[in-house]
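Residues per chain are reported as follows:
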Amino acid sequence: MSDIERFVSAPGVPAAVGPYVQATSAGGFVFTTGQIPAAPGQATGTFEDEVRATLGHLESVLTAAGSDLDHIVKVNTYLGSHDQLDTYNRVYEKFFAGHRPARTTVCVGLWGVSMEIDCVAVVKTEQGA
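Here the structure is a predicted model, which is why all the values come from computation and not from measurement.

Draft legend 1. View of the sheet that holds strand β2 (residues 23-26). Strand order in this open sheet of six strands is β1-β2-β3-β6-β4-β5, and the pairing throughout is mixed. Lying at the two open borders of the sheet, with one neighbouring strand each, are β1 (4-7) and β5 (102-107). Adjacent strand axes in the sheet meet at a mean angle of 15°, parallel and antiparallel pairs treated alike. Where strand β4 (residues 72-79) meets β5, six bridges bridge the pair, whose relative direction is parallel. Each bridged residue has a counterpart across the sheet, and for Asn76 the counterpart in β5 is Thr104. Lying on the sheet, helix α1 (residues 47-64) is in contact with β1, β2, β3 (29-32), β4 and β6 (115-122); it crosses β6 at an angle near 30°.

Draft legend 2. View of the pairing of β3. Judged by which residues are buried, β3 turns out to be one-sided: Val30 and Thr32 face inward and are buried, whereas Phe29 and Phe31, on the alternate face, are not. Summarising the sheet, β2 and β3 pair through four bridges and their orientation is antiparallel. Residue pairing in the sheet places Ala23 in a bridge with Thr32 of β3. Between the antiparallel neighbours β2 and β3 lie two residues, among them Gly27 with a positive phi of about 60°.

Draft legend 3. Spatial organisation of the pattern of salt bridges. Throughout the structure, instances matching the rule amount to four salt bridges. Lys124 is the salt-bridge partner of Asp68, the closest N and O atoms lying 3.6 Å from each other. Of this pair, Asp68 sits in the loop between α1 and β4 while Lys124 is found in the segment after β6, placing the two residues 56 residues apart along the sequence. With relative accessibility at 36%, the residue Lys124 sits in the partly exposed group. Here Glu93 and Arg100 are joined by a salt bridge, their closest N and O atoms 3.1 Å apart. Classification of Glu93 as partly exposed rests on a relative accessible area of 44%. On the basis of relative accessible area, Arg100 is assigned to the exposed category, the value being 66%. Salt bridges here are not isolated pairs; linked through shared partners, they connect Glu48, Asp49 and Arg52.

Parameters at a glance
- Residues numbered from 1 in each chain as written.
- Predicted model: local features only at pLDDT ≥ 70, side-chain atom pairs only at ≥ 80, totals over all residues.
- Heavy atoms only, no water.
- Pairing = 2+ DSSP bridges.
- Helix = DSSP H or I, 4+ residues; strand = E, 2+ residues; numbered from the N terminus.
- Axes fitted to C-alpha atoms, helices over the stretch in contact; angles between N-to-C directions.
- Contact = heavy atoms within 4.5 Å.
- Buried < 20%, exposed > 50% of the residue type's maximum accessible area, 1.4 Å probe, protein only.
- Salt bridge = Lys/Arg side-chain N within 4 Å of Asp/Glu carboxyl O.

So yeah, pure geometry; function would need other evidence.
So this is what it looks like as structure tokens:
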């Protein structure tokens, strides 16, 4: 179990609302929990603002766990409505302009938030690979 590291809280990211951590690193990978725009029920502006905030939180969690957006290999996105997809794609494309990880996007009922994103990333090496 010593090769498993858990990251409870990244700076500037909403705290977990249950008994889980924000990310776990194991076997050279980082597995994040779902990131949301703000604490459930808090408004953050337009949906575009919420996408930026959520991807920013994801980036903060990855940084705390020794990775970054460029090292993501798989993204899972949960949207509250199919009407959000075009806006989501526009903002997402700016965050991942250098590369495009594999991605699954689904529409689901969410608890007081407009969207949630989790991912799997590779831990960066000391050489910055």
